[in-house]
Amino acid sequence: MSTGLPETIVVLDFGSQYAQLIVRRVREQHVYSVLMPHDAPEDQVMALSPVGFILSGGPASVYDEGAPQLPPYVLRSGLPVLGICYGMQLLAHALGGKVAPSARREYGPAELYVNDLESPLWEGLPFSFPVWMSHGDAIAELPPGFQTLASTDNSPIAAMGQAERRIYGVQFHPEVAHTPLGKDIIRNFLYGVCGCLGTWTPESFIASTIASIRQQVGDERVIGALSGGVDSTVAATLVQRAIGDRLTCVFVDHGLLREGEAEATLRLLRERAGLNVIAVDASARFLAALAGVSDPEAKRRIIGETFIRVFEGEAAKLGQARFLLQGTLYPDVIESTTRETKAAARIKTHHNVGGLPSDLRFELVEPLKYLFKDEVREVGLALGLPPDIVHKQPFPGPGLAVRIIGEVTAERLATLRRADAIVREEIEAAGLGREVWQYFAVLTPVRSVGVMGDGRTYLNTVAVRAVTSLDGMTADWARLPYAVLARISNRIVNEVPGVNRVVYDISSKPPATIEWE
């Protein structure tokens, strides 16, 4: 997975909800890809030395005033281009074709019929196959020199191309799962059109990242924010390989951890991962800072800033480390809407991205900043980390604070810890720990009437959340067996004081997020 040049595909984002999926599909073919805003400066994009461009879809119409247009450097570069949906329409519009409202819009499944089996896009593919459409405009007239490569019943020009210039467009979305052969089309573009070699592997990522860390850090010291999750552990292992004992990891017990987690995590990091870890008990400090705070964004910001202040204190003891290591991932960056994703909507502030204080005096080392979760796991295994670390269930940096809706108190934490432990115990006892991406309890602010021992109760409601996912960008609720859910509910109501009702969250992401706050 080397981010080293020259094999990089730049995906230009024109506002598609699937833009990140395009990046993932390219990376799955062992080719590095990066998502850039459509209006990113030319020098910034070309500094990546791309071997090709993919243009995403988008909600606009190319002929509308103010609609995003194709940056001139894309065609001027002479590099291969694949336009998807709006991206195809941009190419047609810019090259002299005509785009117009479609007489019949296409949203959902369609059957694609290939016109030219000789095109490199269709290498190894059948004459017809299902695709996913989502468009109201269509190509009414091809640009000069282009050929129709495929059609559907509603779109006479569902794909177009000009082989000499290596420019192609598809009206459908090959990046989504609803286009089953979409990954093959993307692979054909990468290897058959762009001439990619497929050199982006976990091993090459490790080599290039270690070199990059050494160049960034020089002879300075790094203090590592280590939670014990796969992200921070893989990041710390990379930095340790790069600079050795000039890395000191700090594990902060912020009082927001799960039952028994602090002790188990320290053993895992020290004995199994071989990292130098200092433990800091700052639970009283965090709880005092969160007192009376109910707003989820405020909680995240407070936790982010308190983390940094704790690290500053530890850094002073260590002789003023200049750099702070974080296990930030690409989804964190995307959802927090940093300057690199300025066109996106902020979903929530991640404590280690948007939650950092403005007067941060550390320089950040973030070796995983452009990886998705499943890619981090691949790197962890390639580094030789134990599987129980690599496949550890994700746990949010703000901990149980974002699983308690409303104010965080010692009493509410105790209630949630016990309920959460029961959820984890039962799912793991059923042998479902590897099948489910995340599983946990949420303490809601809802109280409801119940009956216990022939008496009326008015107690807390606990929600159980279990989801399946590959990378955290999208997720679906886990179809846990009814028997498992029944055991979880029965145990929580009987074993956790103050709870008389258990509900199961069956929301997917989107529209919901994995965490409730």
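Structural data are supplied above this passage.
Here the structure is a predicted model, which is why all the values come from computation and not from measurement. (Residues numbered from 1 in each chain as written. Predicted model: local features only at pLDDT ≥ 70, side-chain atom pairs only at ≥ 80, totals over all residues. Heavy atoms only, no water.)

J.: Explain the overall build of the protein to me, using residue names and the numbers behind them.
T.: Along its length, the protein carries 15 helices and 18 strands. Over its C-alpha trace the protein gives a radius of gyration of 25 Å, about what one expects of a compact globule, namely 24 Å for 517 residues. Its C-alpha atoms give the protein principal-axis dimensions of about 75 × 65 × 40 Å. Counting over 517 residues, the protein shows a buried share of 57%. In the structure as shown, the protein presents an accessible area of about 21,100 Å², 51% of it carried by carbon and sulfur atoms. Charged side chains of the protein number 49 positive and 59 negative; the gap between the two group centres comes to 5 Å. (Helix = DSSP H or I, 4+ residues; strand = E, 2+ residues; numbered from the N terminus. Rg over C-alpha atoms; globule rule 2.2 N^0.38 Å. Buried < 20%, exposed > 50% of the residue type's maximum accessible area, 1.4 Å probe, protein only. Areas by Shrake-Rupley, 256 points an atom, 1.4 Å probe, with all protein chains shown as cover. Lys, Arg positive; Asp, Glu negative; His and termini not counted. Charge placed at Lys NZ, Arg CZ, Asp CG, Glu CD.)

J.: So what's going on with the side chain of Ser151? Residues and values would help.
T.: Structurally, Ser151 is set in strand β7 (residues 147–151). Ser151 has contacts with Glu111, Leu112, Tyr113, Asn115, Pro156 and Ala158, leaving out every residue within four places of it along the chain. (Contact = heavy atoms within 4.5 Å.)

J.: So what's going on with the packing of aromatic side chains? Residues and values would help.
T.: The tally for this structure, following the rule as stated, stands at seven aromatic pairs. Each ring, one from Phe53 and one from Tyr73, has its centre 6.0 Å from the other, and the planes form 55 degrees; the classification is tilted. One end of the pair, Phe53, is in strand β3 (residues 52–55); the other, Tyr73, is in helix α3 (residues 72–76), and 20 residues separate them in sequence. Taking the relative accessible area as the measure of exposure, Phe53 reaches 0% and is therefore buried. Both rings, one in Phe286 and one in Phe307, keep their centres 5.4 Å apart while their planes meet at 70 degrees; by these two values the pair is edge-to-face. Of this pair, Phe286 sits in helix α9 (residues 283–290) while Phe307 sits in helix α10 (residues 296–317), placing them 21 residues apart in sequence. Each member of the pair Phe286 and Phe307 is classed as buried. (Phe/Tyr/Trp six-rings, centres within 6.5 Å; stacked < 30°, edge-to-face > 60°.)

J.: Explain the packing of helix α6 (residues 202–217) against helix α7 (residues 230–243) to me, using residue names and the numbers behind them.
T.: Where α6 contacts α7, the two axes come as close as 9 Å, and the packing angle between them is 65 degrees. For the pair α6 and α7, the crossing hand works out as right-handed. Touching Phe205, Ile206, Thr209, Ile210, Ile213, Arg214 and Val217 of α6 are Leu238, Val239, Arg241, Ala242 and Ile243, all from α7. Classifying every residue of the contact of α6 with α7 gives nine nonpolar, one polar and two charged. (Axes fitted to C-alpha atoms, helices over the stretch in contact; angles between N-to-C directions. Left-handed = near helix turned anticlockwise from the far one by under 90°. Nonpolar A, V, L, I, M, F, W, Y, C, P; charged D, E, K, R; others polar.)

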